[in-house]
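Commentary on secondary and tertiary structure
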Amino acid sequence: MKTRAAVAFAAGKPLQVMDVEIGGPKAGEVLVEVKATGLCHTDLYTLSGADPEGLFPAILGHEGAGIVREVGAGVTSVKPGDHVIPLYTPECRQCKTCLSQRSNLCTAIRGTQGKGVMPDGTSRFSCDGAPVMHYMGCSTFANFTILPEIALAKVREDAPFEKICYIGCGVTTGIGAVINTAKVWAGANVAVFGLGGIGLNVIQGARMVGADRIIGVDLNPAREEMARKFGMTDFINPNEVGHDKVVQAIVDLTGGGADFSFECIGNVKVMRQALECTHRGWGESIIIGVAGAGQEISTRPFQLVTGRSWRGTAFGGARGRTDVPKIVDWYMQGKIDIDSLITHVMPLDDINHGFELMEKGESIRSVVVY
Ligand code: NAD
Ligand code: AHE
Ligand code: ZN
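Residues numbered from 1 in each chain as written. Chains lettered and ligands numbered in written order. Predicted model: local features only at pLDDT ≥ 70, side-chain atom pairs only at ≥ 80, totals over all residues.

Moving on, we come to the environment of Asp259. With respect to the helices, strands and loops of the structure, Asp259 is situated in the loop between helix 9 (246–254) and strand 13 (260–263). Taking the C-beta count within 10 Å as the criterion, Asp259 has 22 such neighbours and is therefore assigned buried. Distance from Asp259 to Ser100, taken between C-alpha atoms, is 27 Å for residues 159 residues apart in sequence. Excluding residues within four positions of it along the chain, Asp259 makes contact with Ala188, Asn189, Val190, His279, Trp282 and Gly283. (Helix = DSSP H or I, 4+ residues; strand = E, 2+ residues; numbered from the N terminus. Buried ≥ 20, exposed ≤ 12 C-beta atoms within 10 Å, placed from the backbone. Contact = placed C-beta atoms within 7 Å.)

Structural data, given as structure tokens:
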């Protein structure tokens, strides 16, 4: 059959919206009709050519929600009609990592995901007879996509697709980084670098767990209002205080340093500031931002000798099939705000405009509705 898709043909070039051939689900696979997808900065990163795993042509997109339309042989956990959220971090519940319960980084299909193919080593998408690659195992910039069964979270049917798609990455990443990875305690002081689609969810998570000071750092002054609405108590614009004064400003505001900091940009210089603004003896800095090929982080080892820790998180440490349905419940119960962060909704034909809005800092999250 055919699917409408936005295809990335080359790094740095706009996506082309077109019809693409899609094959049916093989054993263990599921055909999903994607109803909505968010645009995450990671899609833009891969499109830019900075992603060492970036492949072209490919169908990007990893923040979706949709309906199961067909299942392949052996699929038992979902059936046609089920509402699902695709998972770029699957949960096989059988690999060493899943069984360990120490990490969400399921290894079952990570190798083929990074090569742009399904677990059997082939692509289900093609254009004029030539294969088009999958992306992060999700490819939600297509109206129909194929996913392995272990990469689908089954969610309640009364939740709106155009909102809960954001739980497929940004919401879970930000809130999960606070709850699962950092385990921020009530009364902690928190610094958040980058107040976009991820950072604002870190702020939302920090408020949920009862953080005391929540300091936001962003170059874009327009971010302040939304961040305060989500719980930010203090705003620092490096262009105003001076880029080299940000660390000291946070140390002063917190009486010695933040208990936790989160880098939500993908800038290795900022990652250093995020580490160094944390408290001597126990401060933890969590890297969420994705930095381009060849980039490296640095600091004086003394920063670690004196008790600071540098950590990272993928998908907020969430085990997708277990945790994502619960986060959908939180949204439906009014415990978290997603609506305010979705600033733009558009049809697939306008997807390149969505990325322009992201680059100009005019959107928080754009969502494509099919
Ligand atoms: P975004 O574009 O919505 O937000 C980025 C924010 O950073 C913007 O508000 C921008 O103004 C700000 N910013 C840029 N440079 C800055 C600087 N030097 N100092 C201060 N602020 C600065 O992006 P997003 O969708 O929120 O994604 C943020 C990062 O998180 C990206 O690198 C993305 O790839 C990554 N990400 C990681 C995971 C994960 O699982 N680890 C998941 C999702 C996204
Ligand atoms: N191919 C990229 C990987 C970038 C990366 O770290 N991705 C995050 C998710 S970002 C979602 O917006 C992730 O899940 N990482 C763990 C993993 O296994 O990929 C690169 O830079 O190489
Ligand atoms: Zn993402």
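Every other side chain in a regular strand lies on the same face of the sheet, so the side chains alternate between the two faces. Taking every second residue as pointing to the same face, both faces of strand 14 (residues 284–287) are buried, with Glu284 and Ile286 on one and Ser285 and Ile287 on the other. Crossover strand 13 to strand 14 through helix 10 (residues 268–276) is right-handed. (Right-handed = clockwise from strand over helix to strand, strands pointing away.)

The next subject is the site of ligand 2. Around ligand 2, the surrounding shell holds 13 residues, and the nearest of these are Cys40, Thr42, Glu53, Val290 and Ala314. Of the residues belonging to the shell around ligand 2, the class tally is eight nonpolar, two polar and three charged. (Near = placed C-beta within 6 Å. Nonpolar A, V, L, I, M, F, W, Y, C, P; charged D, E, K, R; others polar.)

Okay, the site of ligand 1 next. Neighbouring ligand 1 are 33 residues; His41, Gly194, Gly196, Ile198 and Gly266 lie closest to it. Secondary-structure elements contributing two or more residues to the shell around ligand 1 are helix 1 (41–48) and helix 5 (170–182). The element best represented in the shell around ligand 1 is helix 1, accounting for three residues. Each residue belonging to the shell around ligand 1 can be placed in one class, and the counts come to 17 nonpolar, 14 polar and two charged. Domain assignment of the residues forming the shell around ligand 1 places at least three in each of domain 1 (2–168 + 338–369) and domain 2 (174–314). (Domains from an automatic or database assignment.)

We now examine the nonpolar core. Of all hydrophobic cores here, the largest spans 104 residues; its most connected members are Ile59, Ile164, Val190, Ala191 and Val192. The residue makeup of this core includes at least three contributed by each of domain 1 (2–168 + 338–369) and domain 2 (174–314). The contact partners of Val192, leaving out residues within four places of it in the chain, are Gly199, Val202, Ile203, Ile214, Ile215, Gly216, Val217, Phe262 and Cys264. (Core = buried A, V, L, I, M, F, W, Y, C linked by C-beta atoms within 7 Å.)

Following both chains from N to C, one finds helix 5 and helix 6 (residues 199–208) inclined at 45 degrees, their axes separated by 7 Å at the closest point. By the criterion of interaxial angle, the relationship of helix 5 to helix 6 is oblique. Crossing hand, helix 5 versus helix 6: right-handed. Together, Gly170, Val171, Thr173, Gly174, Ile175, Ala177, Val178 and Ile179 of helix 5 and Gly199, Leu200, Asn201, Val202, Gln204, Gly205 and Ala206 of helix 6 make up the contact between the two elements. Per-class residue counts for the contact of helix 5 with helix 6 are eight nonpolar, seven polar and no charged. (Axes fitted to C-alpha atoms, helices over the stretch in contact; angles between N-to-C directions. Parallel < 35°, antiparallel > 145°, perpendicular 65-115°, else oblique. Left-handed = near helix turned anticlockwise from the far one by under 90°.)

Bringing the sheet that holds strand 6 (residues 125–127) into the picture now. Across the sheet, which stays open at both edges, the four strands sit in the order 1-2-6-7 with antiparallel pairing between neighbours. What marks the edges here is a single partner per strand, and that holds for strand 1 (2–7) and strand 7 (130–132). The sheet shows a mean angle of 50 degrees between the axes of neighbouring strands, taken without regard to direction. Inspection of the sheet shows strand 2 (residues 16–22) paired to strand 6 by two bridges, in the antiparallel sense. Its bridge partner lying in strand 6, Ile22 is registered against Phe125. (Pairing = 2+ DSSP bridges.)

Moving on: the domain arrangement of the chain. When the domains of the chain are assigned, the result is domain 1 (2–168 + 338–369) and domain 2 (174–314). Between the C-alpha centres of domain 1 and domain 2 there is a distance of 28 Å. It is helix 1 that contributes the most residues to the side of domain 1 that touches domain 2, three residues altogether. A breakdown of the residues in the side of domain 1 that touches domain 2 according to their chemical character gives seven nonpolar, five polar and two charged.

Turning to the UniProt feature "domain: Enoyl reductase (ER)" (unreviewed entry) in the chain, a few remarks are in order. Under the UniProt annotation, the feature "domain: Enoyl reductase (ER)" (unreviewed entry) is placed at residues 12–368. Its end C-alpha atoms 20 Å apart, residues 12–368 is made of 28% helix and 21% strand. (UniProt positions renumbered as here; feature names shortened; annotations may be inferred.)

With that settled, consider the sheet that holds strand 14. Strand order in the open sheet formed by six strands is 12-11-10-13-14-15, and the pairing between neighbours is parallel. The open sheet has two free edges, formed respectively by strand 12 (234–236) and strand 15 (309–312), since each of these has just one partner strand. Adjacent strand axes in the sheet meet at a mean angle of 20 degrees, parallel and antiparallel pairs treated alike. Running over the sheet, helix 5 touches strand 13, strand 14 and strand 15 and is turned about 130 degrees from strand 14.

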